[in-house]
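# Remarks on the overall topology
Spelled out from the first residue to the last, the chains are:
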Amino acid sequence: MFNPNPRIEVVDIPGQKPCLVVDDFLIDPDLMVDAAVRYRDGFSAAPFNAYPGIEMPAPEALSARLDEFFGQHVRHLLGVRRTVQMHSRLSIVTLQPPQLQPLQRICHRDRLDITADQCVAASVLYLFKDAALGGTSFYAPRQGLDQTNALIAAWNRMDQQAMTQALGAEPGYLTGSNAYFDLLATVPAKFNRIIFYDGAMFHSSHVTRPDLLSDAPDLGRLTLNGFFVCRKAAA
């Protein structure tokens, strides 16, 4: 399923752990796209997280194989220990700017239910051929973490109009620095490219062409997203 001889590129993120990039990840990526097309009725809206679109749980066997790859090739480069829990899903960004919830207009972190001795790593496999659908960007808050968390809590209570006033921008995907976050780096999308990164970093899909979005798995921004709850490395 996966490239047995992966070449891992390390992309530095200023002040953060690196992002790891592997091209030609799947031996036959079209098989996964075809499966998403066959089971497209299994996709549904994702109302309880930051994802601006539809998603479907990946088969457990696929998640297990992805976790094996992570353990063998990736975790030591991110400075984490063994995986405690892992899941993955197929996802498609579908929302147009006016449909975005307030928190979908900013970057986010992958904050799963973890203990103090655990951390979260994440991955995104790009399964679309039109790179204009966008890669992934990483950000740093311009204020302290406590203040940032307070701002996020306040934004979560706002309606669309109030959020527009707070951000000083019309509804849209975050694709650059603003008053609250600095853009650190953008990893472009490429068909059959997977990236791995520290889920505690603020990040966002880099969608500059929402007019290209589609809910069709073979036309839209289809990705396989993985989440790895890991033991932290010893200090």
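Counting its secondary structure elements, the chain contains four helices and eleven strands. A globule of 235 residues ought to have a C-alpha radius of gyration of about 18 Å, and the chain, at 17 Å, matches this closely. If one aligns the C-alpha atoms of the chain with their principal axes, the spans along those axes are about 50 × 45 × 25 Å. Looking at the chain alone, contacts between residues at least 24 apart form 83% of all its contacts between residues at least 6 apart.

The subject of this paragraph is the sheet that holds strand S2 (residues 19–22). Strand order across the open sheet formed by eight strands is S1-S2-S9-S6-S11-S5-S4-S3, with antiparallel pairing between neighbours. Single-partner strands in this sheet number two, and they are strand S1 (8–11) and strand S3 (44–45). As paired strands, strand S4 (residues 53–57) and strand S5 (residues 80–93) are joined by five bridges and run antiparallel to one another. By the bridge assignment, glutamate 55 is partnered in S5 with serine 91. Sitting on the sheet, helix H1 (residues 29–38) is in contact with S5, strand S6 (118–126) and strand S11 (221–232), with an inclination near 105 degrees to S11.

For the rest of this paragraph, the subject is helix H4 (residues 160–167). The set of residues buried in H4 consists of Met163, Thr164 and Leu167. One side of H4 holds all its buried residues, which, seen down the axis, span an arc of 105 degrees. Turned more than 90 degrees from where H4 packs its buried face, Gln161 and Gln165 sit exposed. Each element contacted by the buried residues of H4 is listed here: helix H3 (145–156).

Under the counting rule described, the total for this entry stands at zero disulfides. Here cysteine 19 is not disulfide-linked; the sulfur of cysteine 107 is the nearest cysteine sulfur, at 15 Å. Of the residues examined, cysteine 19 reaches a relative accessible area of 0% and is grouped as buried. Take cysteine 119: it sits in no disulfide, and the sulfur closest to it among the cysteines is that of cysteine 230, at 5.3 Å. By relative accessible area, cysteine 119 is classed as buried at 13%.

Conventions adopted
Residues numbered from 1 in each chain as written. Predicted model: local features only at pLDDT ≥ 70, side-chain atom pairs only at ≥ 80, totals over all residues. Heavy atoms only, no water. Helix = DSSP H or I, 4+ residues; strand = E, 2+ residues; numbered from the N terminus. Rg over C-alpha atoms; globule rule 2.2 N^0.38 Å. Contact = heavy atoms within 4.5 Å. Pairing = 2+ DSSP bridges. Axes fitted to C-alpha atoms, helices over the stretch in contact; angles between N-to-C directions. Buried < 20%, exposed > 50% of the residue type's maximum accessible area, 1.4 Å probe, protein only. Arc of directions from axis to C-beta. Disulfide = S-S within 2.5 Å.

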